[in-house]
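# Chain and residue survey
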Amino acid sequence: WMYESMLWLADVIPNIGGRLLDLLLGAVVAFSLLMEKEKIRGIAGELSKVLLGEKITKHAKNLFHEVYTVFAGYLSGQLLDASVMAVLFSAAFTIVGLPHGILIGLVSGFSNLIPYFGAVMAFFLAVLAGLFSGVPMKAVYASVLILLLQQVDSIFIVPKAVGQKLELHPVLVLLSLAAFGRMFGFWGLVFAVPLGALCKNFVLWCYRRKKSDICQ
């Protein structure tokens, strides 16, 4: 047993060390890029002008700005939604007397950064805590509250918190989740809202350009 454990540790420890080193290097590279972002942007712009020309560089710059604006708005909206859900979950679990209700609520709420994953995490942790509390009905009460809060989140909070940041109508938020989720599965759900916003902006851009050509 001791020999097998040592072999297992000898295999696991280097892997953990490698993962930690990758994370550290990634953090250092990301920090360096952020510190030098203006310089890098200037160099990239000059290279693009020389290699691709002024017109293409201008269009590419506008495109990247649009993508950055949309995804930044999406992330801030998702953080707001996760914060609200963390408070609601914590309050709900505390009301039903769930052990470590606040902690479970915080974990469940911020798991909501990934659509639908927050609900799964909330169910798993709440039911587990309820069963181990010695009062199984607490798990039932917590499950009912999770279902209700997820409906409130899907219908009201996400369209308001995320939709308003992206200037995307609540109906378009729901349609984006349905369409991109069906087309691309899990990753479609994760990026459905910003992709829907980009599609809307592209349609508006085409409309305005076409209208401008007609008016001329």
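Below is a summary of the structure that appears in this document. (Residues numbered from 1 in each chain as written. Predicted model: local features only at pLDDT ≥ 70, side-chain atom pairs only at ≥ 80, totals over all residues. Heavy atoms only, no water.)

A few words now on unusual backbone geometry. Positive phi, close to 55°, is recorded for H100, a residue that is not glycine. Taking relative accessible area as the criterion, H100 reaches 63% and is therefore assigned exposed. (Buried < 20%, exposed > 50% of the residue type's maximum accessible area, 1.4 Å probe, protein only.)

Here we take up the packing of aromatic side chains. Applying the stated criterion to the full structure yields 4 aromatic pairs. The interplanar angle of 15° and the centroid separation of 5.7 Å between the aromatic rings of F89 and F93 together place this pair among those described as stacked. Of this pair, F89 and F93 both sit in helix α3 (residues 54–95), separated by 4 residues, roughly a single helical turn. Consider the rings of F202 and W205, whose centres lie 6.1 Å apart with planes at 25°: the pair is stacked. In this pair, F202 and W205 are both assigned in helix α8 (residues 192–215), 3 residues apart and thus about one turn of the helix distant. The exposed category is assigned to F202, whose relative accessible area is 51%. (Phe/Tyr/Trp six-rings, centres within 6.5 Å; stacked < 30°, edge-to-face > 60°. Helix = DSSP H or I, 4+ residues; strand = E, 2+ residues; numbered from the N terminus.)

Further remarks concern the nonpolar core. Within the largest apolar cluster, 15 residues are counted, with the highest numbers of intra-cluster contacts made by F89, F93, L98, A126, A142 and I146. Among the elements of the structure, α3, α5 (117–132) and α6 (137–165) are those that each provide at least two residues to this core. Considering each element in turn, this core owes the most residues, 5 residues, to α6. For F93, the residues in contact, after removing those within four places along its chain, are L98, G101, I104, G105, S108, A122, A126, A142 and I146. By size, the runner-up hydrophobic cluster in this structure holds 13 residues, among which are V158, V162, L177 and F180. (Core = buried A, V, L, I, M, F, W, Y, C linked by side-chain atoms within 4.5 Å. Contact = heavy atoms within 4.5 Å.)

Here the focus is helix α4 (residues 101–111). The complete set of buried residues in α4 reads G101, I104, G105, S108, G109 and S111. Taken end-on, α4 shows its buried residues confined to a sector of 160°, consistent with a single buried face. What points out from α4, more than 90 degrees from its buried face, is the exposed set I102 and L103. Its buried side turned inward, α4 meets α3 and α5. (Arc of directions from axis to C-beta.)

The next subject is the side chain of S176. By the secondary structure assignment, S176 is in helix α7 (residues 170–190). We classify S176 as buried; its relative accessible area is 8%. Those residues in contact with S176, other than ones at most four positions away along the chain, are G181, A192 and G196.

Turning our attention to helix α2 (residues 37–52). With 16 residues, α2 should cover 22 Å at 1.5 Å per step; its first-to-last C-alpha distance of 21 Å lies within 8% of that length. Of all the 16 residues making up α2, 1 are buried; the element is thus mostly uncovered. Remark: G53 follows α2 within two positions and exhibits a positive phi of approximately 100°. (Expected span 1.5 Å × (residues − 1).)

Attention now goes to the side chain of S111. Along the chain, the position of S111 falls in helix α4. Side-chain polar atoms of S111 contact the backbone oxygen of V107, separated by 2.7 Å. Leaving out residues up to four positions away in the same chain, S111 has contacts with F117, G118 and M121. (Polar contact = N/O pair within 3.5 Å; in protein donor to acceptor, adjacent residues only side chain to side chain.)

Our focus in this paragraph is the packing of α4 against α5. In the contact formed by α4 and α5, the axes pass within 7 Å of each other and the chain directions differ by 160°. As far as their axial angle goes, α5 and α4 are roughly antiparallel. Crossing handedness for the pair α4 and α5: right-handed. Together, I104, V107, S108 and S111 of α4 and F117, G118, M121, A122, L125, A126 and A129 of α5 make up the contact between the two elements. Classifying every residue of the contact of α4 with α5 by side-chain character gives 8 nonpolar, 3 polar and no charged. (Axes fitted to C-alpha atoms, helices over the stretch in contact; angles between N-to-C directions. Parallel < 35°, antiparallel > 145°, perpendicular 65-115°, else oblique. Left-handed = near helix turned anticlockwise from the far one by under 90°. Nonpolar A, V, L, I, M, F, W, Y, C, P; charged D, E, K, R; others polar.)

To continue, consider the packing of α3 against α4. Two elements in contact, α3 and α4, have axes separated by 7 Å at closest approach and are oriented at 150°. The angle between α3 and α4 places the two elements in the roughly antiparallel class. Considering the relative orientation of α3 and α4, their crossing is right-handed. Residue-level contacts link A82, S83, M85, A86, F89, S90, F93 and T94 of α3 to G101, I102, I104, G105, L106, S108, G109 and F110 of α4. Class assignment of the residues belonging to the contact of α3 with α4 gives a composition of 9 nonpolar, 7 polar and no charged.

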